[in-house]
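Each chain, letter by letter, is given below.
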Amino acid sequence: MSGIRNPFEAFKSKNFKYFWMGQCISLIGTWLQNTALSWLVLTLTNSAFLVGFYNAVQFTPQLFLSLLAGTIADHLPKKKLLIFTQSLLMLLAFLLSVLTWKKIINYYILLIFGLLIGIVNTFDMPVRQSFVIELAGQELLYNAVALNSMNFNLARIIGPAIAGILLKNVGMSICFLLNGLSFIAVLIGLFLIDVGIKPMNTKKNNKMLIDIWEGLKYTRRNKIILQTIILLFIMNVFIMNFNVLIPLYTKYVLHKDEAGYGFLLSSMGIGALLGALFVAVKSNKRPNIKTLYFSLIFYSLIFVLIGINKNYHFSSILFMLAGFSAILFTTTANSSLQLSSSDEYRGRVMSLYTMIFAGTTPLGSLISGSFAQILNIDKAFIALGLSCTILFSLYFFAINNNKRINLKRVDDL
């Protein structure tokens, strides 16, 4: 069929295949750790606000340091940077495992770990995002981003499900230990990659602030990049950063235990995996702005339904649909930004992506946690979904009204 592409087309690149295989194992460990951390914070605090505050602390560095990280990504070898950041994350996972095993962990220690993990991820994410096009090339980029999303969400299915079983039957420290071990796979994959010697940015400019400002001006001039960034901001503030609500929703609305929490996350991962597979086999090799519109509205409406629903099995279906629309949005946004960027600015553009994607988590987590504290958990989902829909509608009206004004001015001429 002419409309169907090989979903593994990007594996033509050996470098990308090595990268993908290493990430495949490492991401399962990451989801093991993330699931255990969320449940550990809830166990220690039993507070929606403090769970949200932990998430805010973890992602605050990405709000303030992402632009600097993007500038570094545009000037230094990405492979070496990734080896360094992934090694640091491995050491933090091992240390977290030991402290939890020795039972000397508390909420304040977790805040310190959240901050350290956030700082390392701030420099890791834009490098990892902008490295994909060097591994796969422009022609295979959209497929490569989709395969990375498939990888991420396959891990989201496997990781939380395993974590739920381990949390209930073994304990939390094993989740952190397994995550630390999983980084060995990604480090092996990075050492196998041969990207040759890439010419570095030779512009004689040692002022990071000037480089950051030039990246912002470039983003402002490119309408596709700017529009994608705005939509990403709306989506992330109100919708994407709702992980703080999932353990609360599982425990207090659906009345399920750790295993139920893990499998609910896995349901969302299944939907996201299907979404990534859908993108991977699409015949259209260029991302479409209309796809961003559709997935944002669809995701918002699902949030409203989640808030209304009280049935665990139907919740699993809704979370699956949420995962599908989320990955459709993020994959399209990621590919659109990379393909619309020049090589010189791609690291800085992708640092904006990671700054919005992860840096707005403090704001999004605090909004989600506060809504849950004030309105109750089910009503928080409804409020977040409606807020996203209203803000997007205002934005859509504004840009279309601006286009009509510009066309009228042209007609007057």
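Residues numbered from 1 in each chain as written. Predicted model: local features only at pLDDT ≥ 70, side-chain atom pairs only at ≥ 80, totals over all residues. Heavy atoms only, no water.

### A look at helix H9 (residues 245–253)
Here comes step 1: With seven of nine residues buried, H9 is to be regarded as a mostly interior element.
Here comes step 2: Buried within H9 are the following residues: Leu245, Ile246, Pro247, Leu248, Tyr249, Thr250 and Val253.
Here comes step 3: Positive backbone phi, approximately 60°, marks His255, located one or two places after H9. (Buried < 20%, exposed > 50% of the residue type's maximum accessible area, 1.4 Å probe, protein only. Helix = DSSP H or I, 4+ residues; strand = E, 2+ residues; numbered from the N terminus.)

### Quick notes on the environment of Pro77
Here comes step 1: Summarising the element assignment, Pro77 is placed in the loop between helix H2 (48–73) and helix H3 (78–101).
Here comes step 2: Sequence separation between Pro77 and Val127 is 50 residues; the distance between their C-alpha atoms is 9.1 Å.

### Let's talk about helix H11 (residues 289–308)
Here comes step 1: With 20 residues, H11 ought to run about 28 Å at 1.5 Å a step, and its terminal C-alpha atoms sit 30 Å apart, in line with that.
Here comes step 2: Listed in full, the buried residues belonging to H11 are Thr291, Leu292, Tyr293, Ser295, Leu296, Tyr299, Ser300, Ile302, Phe303, Val304, Ile306 and Gly307. (Expected span 1.5 Å × (residues − 1).)

### What to know about the confidence of the model for the protein
Here comes step 1: Looking at the protein as a whole, its pLDDT mean stands at 82, while 90% of the residues score no less than 70.
Here comes step 2: The low-confidence segment residues 407–413, where pLDDT is below 50, has zero contacts with residues more than four positions distant or belonging to other chains. (pLDDT = per-residue confidence, 0-100. Contact = heavy atoms within 4.5 Å.)

### Details of the packing of helix H5 (residues 141–169) against helix H10 (residues 258–280)
Here comes step 1: The N-to-C vectors of H5 and H10 enclose an angle of 165°; their axes lie 8 Å apart at closest approach. As summarised for this structure, H5 and H10 are arranged roughly antiparallel, according to the angle between their axes. By crossing handedness, the relation of H5 to H10 is classed as left-handed.
Here comes step 2: When grouped by side-chain class, the residues that make up the contact of H5 with H10 number 19 nonpolar, seven polar and two charged. (Axes fitted to C-alpha atoms, helices over the stretch in contact; angles between N-to-C directions. Parallel < 35°, antiparallel > 145°, perpendicular 65-115°, else oblique. Left-handed = near helix turned anticlockwise from the far one by under 90°. Nonpolar A, V, L, I, M, F, W, Y, C, P; charged D, E, K, R; others polar.)

### Digging into the nonpolar core
Here comes step 1: Counting residues in each nonpolar core, the largest one holds 119 residues, and the members touching the most others are Tyr249 and Tyr299.
Here comes step 2: Among the elements that make up this core, the one with the highest residue count is helix H4 (residues 107–136) (twelve residues).
Here comes step 3: Lining this core are residues from two domains, each supplying at least three of them: domain 1 (9–195) and domain 2 (205–412). (Core = buried A, V, L, I, M, F, W, Y, C linked by side-chain atoms within 4.5 Å. Domains from an automatic or database assignment.)

### Some words on the pattern of salt bridges
Here comes step 1: Per the stated rule, a full pass over the model turns up four salt bridges.
Here comes step 2: Across the pair Arg128 and Asp124 runs a salt bridge, and its minimum N-O distance is 2.7 Å. Placement of the pair is Arg128 and Asp124 together in helix H4, with a separation of four residues, close to one helical turn.
Here comes step 3: Of the residues examined, Asp124 reaches a relative accessible area of 0% and is grouped as buried.
Here comes step 4: Lys310 is paired through a salt bridge with Asp378; the nearest N and O atoms lie 3.3 Å apart. Here Asp378 lies in helix H15 (residues 377–412) and Lys310 lies in the loop between H11 and helix H12 (312–339), a separation of 68 residues in the sequence.
Here comes step 5: A relative accessible area of 45% means that Lys310 is categorised as partly exposed.
Here comes step 6: Asp378 gets classed as buried once you look at its relative accessible area, which sits at 14%. (Salt bridge = Lys/Arg side-chain N within 4 Å of Asp/Glu carboxyl O.)

### Focus on the packing of aromatic side chains
Here comes step 1: Across all of its chains, the model carries 14 aromatic pairs by this definition.
Here comes step 2: When the centroid spacing of 5.2 Å and the interplanar angle of 70° are considered together, the rings of Phe11 and Trp20 count as edge-to-face.
Here comes step 3: Note on Trp20: relative accessible area 14%, which makes it buried.
Here comes step 4: An angle of 80° between the planes, with centres 6.2 Å apart, marks the rings of Phe19 and Phe131 as edge-to-face. (Phe/Tyr/Trp six-rings, centres within 6.5 Å; stacked < 30°, edge-to-face > 60°.)

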